[in-house]
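Commentary on secondary and tertiary structure
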Amino acid sequence: MHELGIVFHVIDMAEKAAKENGAEAVASVTLRLGEVSGAIPGELTSCWNWAVKKTERMRGASLVIETIPAVSLCGDCGKTYSTIPQGKICPHCGSGQTWLTRGNEIELKEITVT
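No experiment lies behind these values; they were computed from the predicted model shown. Counting of residues starts from 1 at the beginning of each chain's written sequence and follows it residue by residue. Residues qualify for local features only when their pLDDT is at least 70, as the model is predicted, and side-chain atom pairs are given and counted only at 80 or more; totals for whole chains, interfaces and linings, by contrast, use all residues. Hydrogens and water molecules were not included; the side-chain quantities draw on all heavy atoms of the structure.

Turning our attention to the sheet that holds strand 3 (residues 71-74). The rule for pairing is simple: two strands pair if DSSP sees at least two bridges between them. The helix count covers DSSP runs of H or I at least four residues long, the strand count covers runs of E at least two residues long, and both are numbered beginning at the N terminus. Here we have three strands laid out as an open sheet, ordered 4-3-5, and antiparallel in their pairing. Each edge of the open sheet carries a strand with a single partner, namely strand 4 (80-82) and strand 5 (98-102). Neighbour to neighbour, the strand axes of the sheet diverge by 35 degrees on average, direction disregarded. Direction of pairing for strand 3 relative to strand 5: antiparallel, over a ladder of four bridges. Between the N-to-C directions of two axes lies an angle of 0 to 180 degrees, each axis being a line fitted to C-alpha atoms and, for a helix, fitted only over the stretch in contact.

Shown next as structure tokens:
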């Protein structure tokens, strides 16, 4: 389960940002999670809820997850398409010469402090 590692890393970054800005606590953290990032939102939330109780500055902080849609580009026809319903085969021309252009990211978008 790499979700716990992700959560620990995000908590470390949030605590560092709060300390550098003289904040006493972190109120929320917003992550942008790609549809095909491999991280499971429910598992991230579960790990988050457990882990934030372990630090004073993070206690009670919420985790907001925004989804980044997975998009692929066809190398033959040059069109993009939604990856999840189509997979690797381009729905426009039937080519398998496609690659993912977005949707596998995990990005820290925002840290709200108090």
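From this point, the narrative continues.
To continue, consider the pairing of strand 1 (residues 26-34). Summary of the burial criterion: residues with accessible area below 20% of their type's maximum are buried, those above 50% are exposed, and those between are partly exposed, where the area comes from a 1.4 Å probe applied to protein chains only. Of all nine residues that make up strand 1, seven are buried, and the element is covered over most of its length. Two elements, strand 1 and strand 6 (residues 106-113), share seven bridges in a ladder whose sense is antiparallel. From the neighbouring strand, Leu31 faces strand 6, where its bridge partner is Leu108. For the crossover that starts at strand 1, traverses helix 2 (residues 41-51) and ends in the parallel strand 2 (residues 62-68), the hand is right-handed. For crossovers, right-handed means that the path from the first strand over the helix to the second runs clockwise, given strands pointing away from the viewer.

Here we come to helix 1 (residues 3-20). Expected span of a helix, by definition, is 1.5 Å for each gap between consecutive residues, and there is one gap fewer than residues. Over its 18 residues, helix 1 extends 26 Å from the first C-alpha to the last, a length consistent with the 26 Å expected when each residue adds 1.5 Å. Among the residues making up helix 1, those that are buried are Glu3, Ile6, Val7, Val10, Ile11, Ala14 and Ala18. Projected down its long axis, helix 1 shows its buried positions confined to an angular sector of 130 degrees, all on one face. In helix 1, the exposed residues that point more than 90 degrees away from the buried face are Asp12, Lys16, Lys19 and Glu20. In this description, contact between two residues means that some pair of their heavy atoms is separated by no more than 4.5 Å. Residues of helix 1 that are buried in the fold lie against strand 1, helix 2 and strand 6. In the segment just after helix 1, Gly22 is the residue with positive phi, at about 70 degrees. The directions from the helix axis to the C-beta atoms form the arc being described.

Looking now at the pattern of salt bridges. A carboxyl oxygen of Asp or Glu within 4 Å of a side-chain nitrogen of Lys or Arg is what we treat as a salt bridge. Throughout the structure, instances matching the rule amount to five salt bridges. A salt bridge links Arg32 to Glu66, with the shortest nitrogen-to-oxygen separation between them at 3.8 Å. Remark: Glu66 occurs in strand 2 and Arg32 occurs in strand 1; sequence separation between them is 34 residues. Judged by relative accessible area, which is 29%, Arg32 ranks as partly exposed. One salt bridge in this structure joins Glu66 and Lys109, with 3.1 Å as the shortest N-O distance. Of this pair, Glu66 sits in strand 2 while Lys109 sits in strand 6, placing them 43 residues apart in sequence. Classification of Glu66 by relative accessible area gives partly exposed; the value is 27%. Because the salt bridges share partners, they merge into one network encompassing Arg32, Glu66, Glu107 and Lys109.

Remember, this is a structural readout, not a statement about activity or role.
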